[in-house]
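Observations on chain architecture
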Amino acid sequence: MLIRAAAPADLPELLAWNAAMAWETEQKRLDPAVLERGIRGVFEQQRRGFYLIAEHDGAAVGSLLVTYEWSDWRCGDFWWIQSVYVTPTARRGGVFRALYAEVEQRAAAAGAVGLRLYVETENQRAQTTYADLGMQRCHYFMYEALLPSQA
């Protein structure tokens, strides 16, 4: 398994995989134009984060996005793992574990204070995977409020 930084040439896969993830997890259809601008925005401004791509036998089989959250309490960044997608035929084959190991290594080298992610409350398989990697469920609930222009 090869883990590498994504490049703008990976845009078709990232578009398809983000749309598939939104449908699989929330039965939500994303606006392709907005999604494309959102993905391009990561490549255009490094401060927003980065994508990683997992390849197996030369074929892209998964990806994730890392974004940053400053913690004033810890005087450092948490790295958020988002937009995780593994192609159906590659699932349960260690793709996420390999992506996670790369994020963990990069975060430690960058001096990050920790890793975070969120998961659907019903996705027991993913929760088990995260726990097996040493992650712990935290005691926060997540809330959101979309602004009128995004609703």
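Residues numbered from 1 in each chain as written. Predicted model: local features only at pLDDT ≥ 70, side-chain atom pairs only at ≥ 80, totals over all residues. Heavy atoms only, no water.

All right, on to the overall build of the protein then. The secondary structure content of the protein amounts to four helices and five strands. The C-alpha radius of gyration computed for the protein amounts to 15 Å, which stays within 12% of the reference 15 Å derived for 151 residues, consistent with globular compactness. Oriented by its inertia axes, the alpha-carbon framework of the protein measures out at about 40 × 40 × 35 Å. In the protein, buried positions account for 36% of the 151 residues. Partitioning the contacts of the protein with sequence separation of at least 6, the portion at a separation of at least 24 is 55%. For the protein, the exposed area adds up to about 10100 Å²; of that, 52% sits on carbon and sulfur atoms. Here the protein contributes 15 positive and 18 negative side-chain charges, whose respective centroids are spaced 2 Å apart. (Helix = DSSP H or I, 4+ residues; strand = E, 2+ residues; numbered from the N terminus. Rg over C-alpha atoms; globule rule 2.2 N^0.38 Å. Buried < 20%, exposed > 50% of the residue type's maximum accessible area, 1.4 Å probe, protein only. Contact = heavy atoms within 4.5 Å. Areas by Shrake-Rupley, 256 points an atom, 1.4 Å probe, with all protein chains shown as cover. Lys, Arg positive; Asp, Glu negative; His and termini not counted. Charge placed at Lys NZ, Arg CZ, Asp CG, Glu CD.)

The next point concerns helix 3 (residues 95-110). Compared with the 22 Å implied by 1.5 Å per residue over 16 residues, the 23 Å span of helix 3 between its first and last C-alpha is a close match. Among all positions of helix 3, only Val 95, Phe 96, Leu 99, Tyr 100, Glu 102, Val 103 and Ala 107 are buried. An end-on view of helix 3 places all buried positions within 160° of arc, on one side of the element. Of the exposed residues in helix 3, those oriented more than 90 degrees away from the buried face are Gln 105, Ala 108 and Ala 109. Where the residues of helix 3 are buried, they touch strand 1 (2-5), strand 2 (50-56), strand 3 (59-71), strand 4 (76-86), strand 5 (114-117) and helix 4 (124-132). Downstream of helix 3 by a residue or two, Gly 111 has a phi angle that is positive, lying close to 80°. (Expected span 1.5 Å × (residues − 1). Arc of directions from axis to C-beta.)

Summed over the entire model, instances satisfying the criterion amount to seven salt bridges. When the shortest N-O distance is used, the salt bridge between Arg 97 and Asp 132 registers 3.7 Å. A residue pair is termed long-range when its members are at least 10 positions apart, and Arg 97 in helix 3 and Asp 132 in helix 4 qualify at 35 residues. One continuous salt-bridge network, built from bridges that share partners, spans Arg 4, Asp 10 and Glu 55. (Salt bridge = Lys/Arg side-chain N within 4 Å of Asp/Glu carboxyl O.)

Here helix 1 (residues 11-26) crosses helix 2 (residues 32-44) at 125°, and the two axes come no closer than 10 Å. By the criterion of interaxial angle, the relationship of helix 1 to helix 2 is oblique. Crossing of helix 1 over helix 2 shows right-handed handedness. In this structure, helix 1 contributes Leu 11, Leu 14, Leu 15, Asn 18 and Ala 19 to the contact, and helix 2 contributes Pro 32, Leu 35, Glu 36, Ile 39, Arg 40 and Phe 43. (Axes fitted to C-alpha atoms, helices over the stretch in contact; angles between N-to-C directions. Parallel < 35°, antiparallel > 145°, perpendicular 65-115°, else oblique. Left-handed = near helix turned anticlockwise from the far one by under 90°.)

On to the packing of aromatic side chains. Tallied over the entire structure, the rule returns seven aromatic pairs. Judged by centre distance (6.1 Å) and plane angle (25°), the rings of Trp 17 and Tyr 85 are stacked. One end of the pair, Trp 17, is in helix 1; the other, Tyr 85, is in strand 4, with 68 residues separating them in the sequence. In terms of burial, Trp 17 and Tyr 85 fall into one category: buried. (Phe/Tyr/Trp six-rings, centres within 6.5 Å; stacked < 30°, edge-to-face > 60°.)

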